[in-house]
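# Close look at the chain arrangement
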Amino acid sequence: MNTLKSYKLSPNEHFVLGERISSDGSIFPELVLEKPLDRETQNYHELILSAFDGGNPVQTGTALIKIAITDINDNIPIFTQEVYKISIKENIPLNSTVLQVRATDDDEGVNAQITYSFHTRANNILQMFTINHKNGDIRTKGHLDYEMRKHYEISVQAMDGGGLAAHAKVLIEILDENDNVPEITLTSLSSPIPEDTSPGTVVALIAVRDKD
């Protein structure tokens, strides 16, 4: 009667106590996972296992079970915005910071290390802008020209160390600067002009154009 009779596990949400009977008839407990774990919600668990004998009075022994939950790459990076919008002047200096995109990852260690990149092969974008792979800074690389292109749409990728990726869109509007002089063109010219030309006669057609 005084031998070991039963076990009991402290109340918790994830683990239950099972029993296994060995070949000699003795019973020993098994700790069984009943509910999925989530390290991002709780990364550490402490359980108390109690053993009871059949004596009178009952004698009890306890053991503290400490469980550390290790991370797996089960979270994708999340950008702070799905769409980033910015307006910049066409005469902005080279290597100027346009904006910074940022993503977070609820995992830890390598699985939370984010690398940024442009998710495009378009030369007109890659020639004009560059992105810092570590901090998400987007900088000017080429000379912008409002008269050549007024808008840029860039797909940006954030990839964690486990290979999961997220994407955001960057919309860049180029603002015009007064960097062009008017161009005057004579499209039709009568020369020489007789002195008896009637008033109101068209002498020349003049076209004026400004790229701004």
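Definitions and cut-offs
Residues numbered from 1 in each chain as written. Predicted model: local features only at pLDDT ≥ 70, side-chain atom pairs only at ≥ 80, totals over all residues. Heavy atoms only, no water. Helix = DSSP H or I, 4+ residues; strand = E, 2+ residues; numbered from the N terminus. Buried < 20%, exposed > 50% of the residue type's maximum accessible area, 1.4 Å probe, protein only. UniProt positions renumbered as here; feature names shortened; annotations may be inferred. Pairing = 2+ DSSP bridges. Axes fitted to C-alpha atoms, helices over the stretch in contact; angles between N-to-C directions. Contact = heavy atoms within 4.5 Å. Salt bridge = Lys/Arg side-chain N within 4 Å of Asp/Glu carboxyl O. Phe/Tyr/Trp six-rings, centres within 6.5 Å; stacked < 30°, edge-to-face > 60°. Lys NZ or Arg CZ within 6 Å of the ring centre and 35° of its normal.

## A word on the environment of Ala 122
The residue Ala 122 is located in the loop between strand S10 (115–118) and helix H1 (123–126) in this model. Note on Ala 122: relative accessible area 27%, which makes it partly exposed. Separated by 20 residues in the primary sequence, Ala 122 and Gly 142 have C-alpha atoms spaced 14 Å apart.

## Quick notes on the UniProt feature "domain: Cadherin" (unreviewed entry) in the protein
UniProt tags residues 7–79 and 80–184 as "domain: Cadherin" (unreviewed entry). Regarding residues 7–79, the helix share stands at 0% and the strand share at 52%, and the terminal C-alpha atoms are separated by 48 Å.

## Let's talk about the sheet that holds strand S12 (residues 137–140)
In space, the three strands of this open sheet follow the order S8-S12-S11, with antiparallel pairing throughout. Two strands in the sheet have a free side with no partner beyond their single neighbour: strand S8 (97–100) and strand S11 (129–131). Averaged over all adjacent pairs, the angle separating strand axes in this sheet is 20°, with direction ignored. As paired strands, S8 and S12 are joined by three bridges and run antiparallel to one another. Looking at the pairing, Leu 99 lines up with Ile 138 of S12.

## Considering the environment of Pro 182
Here Pro 182 is to be found in the loop between strand S14 (165–175) and strand S15 (183–189). Measuring from C-alpha to C-alpha, the distance between Pro 182 and Val 208 comes to 6.5 Å, with 26 residues separating the pair along the chain. Those residues in contact with Pro 182 that lie beyond four places of it in its chain are Val 208, Arg 209 and Asp 210.

## Here we look at the pattern of salt bridges
Enumeration over the complete set of coordinates arrives at seven salt bridges. The partner of Glu 153 in a salt bridge is Lys 169, and the shortest N-O contact between them spans 3.5 Å. Here Glu 153, found in strand S13 (residues 151–159), pairs with Lys 169, found in strand S14; they are 16 residues apart in sequence, far enough to count as distant. Between Glu 183 and Arg 209 there is a salt bridge whose closest N-O contact spans 3.9 Å. Pair noted here: Glu 183 is in strand S15 and Arg 209 is in strand S16 (residues 204–209), with a separation of 26 residues, a long-range link. Accessibility expressed as a relative area gives 37% for Glu 183, which makes it partly exposed.

## Notes on the packing of aromatic side chains
For the structure on display, the rule yields two aromatic pairs. Consider the rings of Phe 79 and Tyr 84, whose centres lie 6.5 Å apart with planes at 80°: the pair is edge-to-face. You'll find Phe 79 and Tyr 84 in the same group, each marked buried. Measuring from centroid to centroid gives 5.2 Å for Phe 129 and Tyr 152, while their planes differ by 80°, and the two rings are edge-to-face. Of this pair, Phe 129 sits in strand S11 while Tyr 152 sits in strand S13, and the two are 23 residues apart along the sequence. Residue classification places Phe 129 among the buried positions, given a relative accessible area of 2%. What makes Tyr 152 buried here is its relative accessible area of 5%. Between Lys 150 and the ring centre of Tyr 146, over which it is positioned, the NZ or CZ distance is 4.9 Å.

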